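Per-entry structural report
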Protein chains: 2
Amino acid sequence: MMEITQLRRNPRIMRDIFEAELAQLGDNLVQLSVKVHEAIVNAGEALLTADVARAQQVITADDAIDELAREADDRAVLLLAQQAPVATDLRIVVSALRMSATLERMGDLAQHIAQVARRAYPSKAVPEDLTPVFSALQDASVRLAKRLTRLLETRDIAEANAIERDDDIIDDLHQDTFAALLGSHWEGTAQETIDITLVGRYYERFGDHGVSIARRVIYLVTGTDTQHV
Amino acid sequence: MMEITQLRRNPRIMRDIFEAELAQLGDNLVQLSVKVHEAIVNAGEALLTADVARAQQVITADDAIDELAREADDRAVLLLAQQAPVATDLRIVVSALRMSATLERMGDLAQHIAQVARRAYPSKAVPEDLTPVFSALQDASVRLAKRLTRLLETRDIAEANAIERDDDIIDDLHQDTFAALLGSHWEGTAQETIDITLVGRYYERFGDHGVSIARRVIYLVTGTDTQHV
């Protein structure tokens, strides 16, 4: 006991412990992001091909995402308690807390997309006319999720900027879904209109959350707060 | 300078400073909650009466909510840096960080409802048949927001439980909106179907966020984690 206490009083050793714990927290976020990427890949596939087994897989897998987010949070709070970080270190830990909540939410949104696919089964929730726009939404969202993992691994600002561009594409495509629903060619049922409206909204929020994480990383790396722009 | 340093080394004085800062953080959250209550009151009124001026007021007022949330966050981070709280104190500060983000999001949802009202003007976004269900959604949401302020002021668990019940009512009413859209009597346009779908979703999320805060307070007061049930 005496020895551990002495070790903990050595600032260099304290710093090494802090760095190691911070690295583990970073790993937790990357793991979360990998799971979110997997969830959106499968949710979109389930949606576009009416694959109910795959939809169910996404819904079931969401528990693991929630659990990972909880682990990340616990680690962050433990870090705050044991290391009492200040300045940049504190900013990193607080950001991690927020990013884990955001990633958890992105998992929920993928799950919601899967739930729509499951409810519509054996029909497709997205009618033929709208398949191209939802395929494009899916592609942009998968790309964004992939970039998020790389961003969390590398802190490369170029990835953060590319995420912002993917989100702009998602926003434009989201507007296209409304244009299609409000155009003279739309003859879908109320259920189809509801599904398209909700799924479009889920993708849009998915993109927004990706941007929120991108901006947090930009802030951590450059000190520039683009979060509230 | 010497004197302040000495004061800060006195544990009792440190504790007093901590308590005072924590009380101010609590006040920030109450102020936020009051603004969120005001926002949902006005957003629902704007929605149900096609009052575009009131809708605009909610949209404009959202900046003040964002600013208050930022203040609360800054105060919480400063508290972490200066006081390095542990155990229950740390739990309170971390919860405050999360609650401010949630309240900020509730403000956004009220703003989204106001935006739908503004876009539909001079028409009403909610057709006559659906006015009763949206009035009921509005009543339950306003009640929930009011309770949230009282809960943050008093930490009375009875308010937290009542918030859960209000949210159950909101969820049931949300289902009623789908039932109406999918019933044989529905003859609304695609735009109306979109608006009802989105506004219903905004109210539902508003209620969910209220519950998330209620559970955090229950956790702080009783130590029982109902957040992940």
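This structure is a prediction, so every number in the text was calculated from the model and none was measured. (Residues numbered from 1 in each chain as written. Chains lettered and ligands numbered in written order. Predicted model: local features only at pLDDT ≥ 70, side-chain atom pairs only at ≥ 80, totals over all residues. Heavy atoms only, no water.)

With respect to the overall build of chain A
Counting its secondary structure elements, chain A contains seven helices and zero strands. Along chain A, from the amino end to the carboxyl end, the secondary structure elements read α-α-α-α-α-α-α. With the principal axes as the frame, chain A shows a C-alpha extent of 75 × 35 × 20 Å. Residues counted as buried form 51% of the 229 residues belonging to chain A. Counting contacts in chain A only where the partners sit at least 6 residues apart, residues at least 24 apart contribute 81% of the total. (Helix = DSSP H or I, 4+ residues; strand = E, 2+ residues; numbered from the N terminus. Buried < 20%, exposed > 50% of the residue type's maximum accessible area, 1.4 Å probe, protein only. Contact = heavy atoms within 4.5 Å.)

Describing the UniProt feature "domain: PhoU" (unreviewed entry) in chain A
All names here are of chain A. In this numbering, the UniProt entry assigns the feature "domain: PhoU" (unreviewed entry) to residues 30-116 and 141-217. Between the end C-alpha atoms of residues 30-116 there is a gap of 27 Å, over a span that is 94% helix and 0% strand. Structurally, residues 141-217 is divided into 88% helix and 0% strand, and its ends, taken at the C-alpha atoms, are 19 Å apart. (UniProt positions renumbered as here; feature names shortened; annotations may be inferred.)

Regarding the environment of Leu 130 of chain B
Examined against the element boundaries, Leu 130 of chain B turns out to sit in the loop between helix H4 (87-120) and helix H5 (131-154). In sequence terms Leu 130 of chain B and Trp 186 of chain B are 56 residues apart; their C-alpha atoms lie 9.8 Å from each other.

So, the pattern of salt bridges
Residue and element names in this part refer to chain A. Tallied over the entire structure, the rule returns 28 salt bridges over all chains. Measuring nitrogen to oxygen at the nearest pair gives 3.2 Å for the salt bridge that ties Arg 205 to Asp 208. In this pair, Arg 205 and Asp 208 both sit in helix H7 (residues 190-222), three residues apart, roughly one turn of the helix. Put simply, Arg 143, Arg 147, Arg 150, Glu 159 and Asp 166 are held in one network by salt bridges that share partners. (Salt bridge = Lys/Arg side-chain N within 4 Å of Asp/Glu carboxyl O.)

Focus: the packing of aromatic side chains
Residues and elements named next belong to chain A. For the structure on display, the rule yields two aromatic pairs over all chains. Between the aromatic rings of Phe 134 and Tyr 203, the centroid separation amounts to 6.4 Å while the plane-to-plane angle is 55°, which identifies the pairing as tilted. Here Tyr 203 lies in helix H7 and Phe 134 lies in helix H5 (residues 131-154), a separation of 69 residues in the sequence. For Phe 134, a relative accessible area of 0% puts it in the buried group. Stacked on the ring of Tyr 219, the Lys or Arg Arg 91 has its end atom at 4.6 Å from the ring centre. (Phe/Tyr/Trp six-rings, centres within 6.5 Å; stacked < 30°, edge-to-face > 60°. Lys NZ or Arg CZ within 6 Å of the ring centre and 35° of its normal.)

A look at the packing of helix H2 (residues 11-49) of chain A against H7 of chain A
All names here are of chain A. Contact geometry for H2 and H7: axes closest at 13 Å, N-to-C directions at 160°. Relative to H7, the element H2 lies roughly antiparallel. Where H2 crosses over H7, the two elements pack in a sense that is left-handed. Contact residues: Val 36, Ile 40, Gly 44 and Leu 47 in H2; Val 199, Tyr 203 and Phe 206 in H7. (Axes fitted to C-alpha atoms, helices over the stretch in contact; angles between N-to-C directions. Parallel < 35°, antiparallel > 145°, perpendicular 65-115°, else oblique. Left-handed = near helix turned anticlockwise from the far one by under 90°.)

Concerning the relation of the copies chain A and chain B
Once turned by 180° and shifted 0.0 Å along the axis, chain A lies on chain B with an RMSD of 0.0 Å. Taken together, the rotation and translation relating the two chain copies correspond to the operation of a two-fold axis. Judged by C-alpha distance, Ala 84 of chain A is the residue of chain A that lies nearest the rotation axis, at 2.6 Å. An overlap of 96% is found between the interface residues of chain A and their copies at the interface of chain B, pointing to a shared contact surface. (Least-squares fit on C-alpha atoms with pLDDT ≥ 70 in both.)

Describing the interface of chain A and chain B
How big an interface is tends to be reported as the loss of accessible area on association of its parts. Contact with chain A, which involves 28 residues of that partner, is made by 27 residues of chain B. Put simply, chain A and chain B have two salt bridges between them. Put simply, Asp 73 of chain A and Arg 98 of chain B hold a salt bridge, and the shortest N to O gap is 2.9 Å. Our count for the contact surface shared by chain A and chain B stands at two residue pairs in polar contact (both at pLDDT 80 or more). Contributing elements (two or more residues each) for the side of chain A that touches chain B: helix H3 (52-83), helix H4 (87-120), helix H6 (157-182) and H7 of chain A. For the side of chain A that touches chain B, the residue count by class is 17 nonpolar, five polar and six charged. (Polar contact = N/O pair within 3.5 Å; in protein donor to acceptor, adjacent residues only side chain to side chain. Nonpolar A, V, L, I, M, F, W, Y, C, P; charged D, E, K, R; others polar.)

As for the packing of H3 of chain A against H4 of chain B
H4 of chain B packs onto H3 of chain A with a crossing angle of 130° between their chain directions and a minimal axis gap of 11 Å. Between H3 of chain A and H4 of chain B, the angle is such that the two are oblique. Every pair of crossing elements has a handedness; the one defined by H3 of chain A and H4 of chain B is right-handed. For the pair formed by H3 of chain A and H4 of chain B, the contact residues are Asp 73, Val 77, Leu 80 and Ala 81 of chain A on the first element and Leu 90, Val 94 and Arg 98 of chain B on the second.

Focus: the nonpolar core
General note: in soluble globular proteins, nonpolar side chains tend to be found buried as a group. Of all hydrophobic cores here, the largest spans 141 residues; its most connected members are Leu 47, Leu 103 and Phe 134 of chain A together with Leu 47, Leu 103 and Phe 134 of chain B. Ranked by residue count, the leading element in this core is H4 of chain B, at 16 residues. Once residues lying within four places of it in the same chain are set aside, the contact partners of Leu 47 of chain B are Ile 113, Ala 117, Ala 125, Val 126, Phe 134, Val 199 and Tyr 203 of chain B. (Core = buried A, V, L, I, M, F, W, Y, C linked by side-chain atoms within 4.5 Å.)

Regarding the environment of Ala 180 of chain A
All names here are of chain A. Mapped onto the secondary structure, Ala 180 falls in helix H6. Taking the C-alpha atoms as reference points, Ala 180 and Asp 129, 51 residues apart in sequence, are found 8.7 Å from one another. Contact partners of Ala 180, with chain neighbours within four places excluded, come to Leu 130 and Trp 186.

Details of unusual backbone geometry
That bond from Tyr 121 of chain A to Pro 122 of chain A is cis: its omega, 5°, falls within 30 degrees of zero. On the secondary structure map, Pro 122 of chain A appears in the loop between H4 and H5.

Let's talk about the side chain of His 209 of chain A
Residues and elements named next belong to chain A. Residue placement: His 209 occurs in helix H7. Here His 209 falls in the buried class, since its relative accessible area comes to 12%. Sequence-distant contacts of His 209, defined by excluding residues within four places in its chain, comprise Thr 102, Arg 105, Met 106 and Leu 109.

Let's talk about H5 of chain A
Between the first and last C-alpha of H5 of chain A there are 34 Å, a value that for 24 residues agrees with the 34 Å anticipated at 1.5 Å per step. Two residues or fewer past H5 of chain A, Arg 155 of chain A is found with a positive phi of approximately 55°. (Expected span 1.5 Å × (residues − 1).)

Some words on H4 of chain A
The end-to-end C-alpha distance of H4 of chain A, which contains 34 residues, comes to 50 Å, matching closely the 50 Å that a straight helix rising 1.5 Å per residue would cover. Here H4 of chain A lies mainly inside the structure; 24 of its 34 residues are buried.

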